[in-house]
Structure formats: C-alpha cells, structure tokens
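Chain residues, written in single-letter form:
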Amino acid sequence: MDGFKWALVVVYGPAQKNLKEHFLTELVNMCSHEKLPILVGGDFNILRTPYDKNNDNFDSRWPFLFNAIIDGLNLRELEMSGRKYTWANSLPNPTYEKLDIILMATEWE
C-alpha cells in the first residue's frame, strides 16, 4: 500500500558437495544484481556454525564461504524461534541440523 517494493528469493541448495560451489556462485550473481531490498530464504543445505548441528561432524569449508557471501552481500539472518534445528535424519541416534534460514538485506534494519 505504501509503494515499498522488495525481492524474494526462495532457495533449495544442493546436498551434494560437488554442486555447492555452483549454487553459491549462482546465489551471489542473483543477489548482487538485485536493486531492490532482498529477502532470501529456504533450505540452503549449508550450516553456518558448528552450533547448527548436534554432533561434532562439522566441515568448516562451506560455512566459511557461505558466511563470507552473506557478509559480502550485506545480508543478515533472521533468528528462528521455537526450535533449534530444521532437519533430522531417521537413524537410531539422529543428527539434527539447522539448514533452513532466512536472510534479509541489512538496509531493512
């Protein structure tokens, strides 16, 4: 009603490690060319910190790149409420991870 315009990008990132670099490159290209304030959300299939997982099996390569991209695009994560993780496997001793996040342009702050 007030004429405010913004862009919404919904993502589903690949679980396969060999596709993550292409996904992140595409994300940077899409977001860096957008002129409107942007909201990016979905299942990125990349953790941001070791605390986004309930065990110690953590590979820092993708989170390092992902966080650098988030910073470079001037995005900020909207904090999730109600639960800590968004995904779990079905093993007897399950792994829990926070793979789904929403990022917003810092200009909205």
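Look above for the structure.
Residues take numbers from 1 onward in each chain, read along the sequence in its written order. Where totals are concerned, whole chains, interfaces and linings use all residues; where local detail is concerned, this predicted model gives features only for residues with pLDDT of at least 70, and gives and counts side-chain atom pairs only at 80 or more. Based on all heavy atoms of the structure, the side-chain values leave hydrogens and waters out of the count.

1. A look at the side chain of Asp52
The criterion, for reference: Only DSSP runs of H or I covering at least 4 residues are called helices, and only runs of E covering at least 2 are called strands; the numbering of each starts at the N terminus. To sort residues, take the accessible area from a 1.4 Å probe on protein chains only and compare it with the maximum for the residue type: under 20% means buried, over 50% means exposed, and anything in between is partly exposed. We score Asp and Glu as negative and Lys and Arg as positive, and we do not count His or the chain ends. By convention in these notes, a salt bridge is any Lys or Arg side-chain nitrogen within 4 Å of a carboxyl oxygen on Asp or Glu. Residues adjacent in sequence count toward polar contacts only when both atoms are side-chain atoms; beyond that, a polar contact is any pair of N or O atoms within 3.5 Å, and within protein one must be able to donate a hydrogen and the other to accept it.
Looking at the secondary structure, you find Asp52 in the loop between β2 (38-43) and α2 (61-72). Buried and unpaired, Asp52 has Lys98 as its nearest opposite-charge partner, separated by 4.6 Å. At 3.2 Å, the side chain of Asp52 and the backbone nitrogen of Arg48 are in polar contact.

2. Brief notes about the pairing of β2
Short version of the rule: Between any two strands, pairing holds if DSSP finds at least two bridges.
Counting buried residues along β2, five of its six residues qualify, which places the element largely inside the surrounding structure. As judged from the six bridges shared by strand β1 (residues 7-12) and β2, these two strands associate in the parallel manner. The partner of Val9 across the bridge, within β2, is Val40. Relative to strand β6 (residues 100-105), β2 is paired through five bridges, and the arrangement is antiparallel. By the bridge assignment for β6, Val40 is matched with Leu103.

3. Topic: the sheet that holds strand β3 (residues 75-78)
Which entries qualify depends on this criterion: Here, axes are lines fitted to C-alpha atoms. For helices the fit covers the stretch in contact, and angles between N-to-C directions go from 0 to 180 degrees.
Read from one edge to the other, the open sheet built from four strands follows the order β1-β2-β6-β3, with strand pairing classed as mixed. Only two strands of the sheet have a single partner each, and these edge strands are β1 and β3. Between one strand axis and the next, the sheet turns by 25 degrees as a mean value, whatever way the strands run.

4. Focus on the packing of aromatic side chains
To be explicit about the condition: The pairing test for Phe, Tyr and Trp rings, Trp by its six-membered ring, is centres within 6.5 Å, and the orientation test on the planes gives stacked under 30 degrees, edge-to-face over 60, and tilted for anything in between. Our definition puts a charge over a ring when NZ of Lys or CZ of Arg is within 6 Å of the ring centre and also within 35 degrees of the ring normal.
This structure, assessed with the given rule, holds five aromatic pairs. Plain terms: the ring middles of Phe23 and Phe44 are 6.3 Å apart, the flat faces sit at 65 degrees to each other, and that makes the pair edge-to-face. Note that Phe23 is positioned in helix α1 (residues 17-32) and Phe44 in the loop between β2 and α2, a separation of 21 residues in sequence. Take Phe23 and Phe44: they sit in the same class, and that class is buried. Cluster of aromatic residues (ring-pair linked, three or more members): Phe4, Trp6 and Trp108. Here the guanidinium or amino end of Arg61 rests over the ring plane of Trp62, the centre of that ring lying 4.1 Å away.

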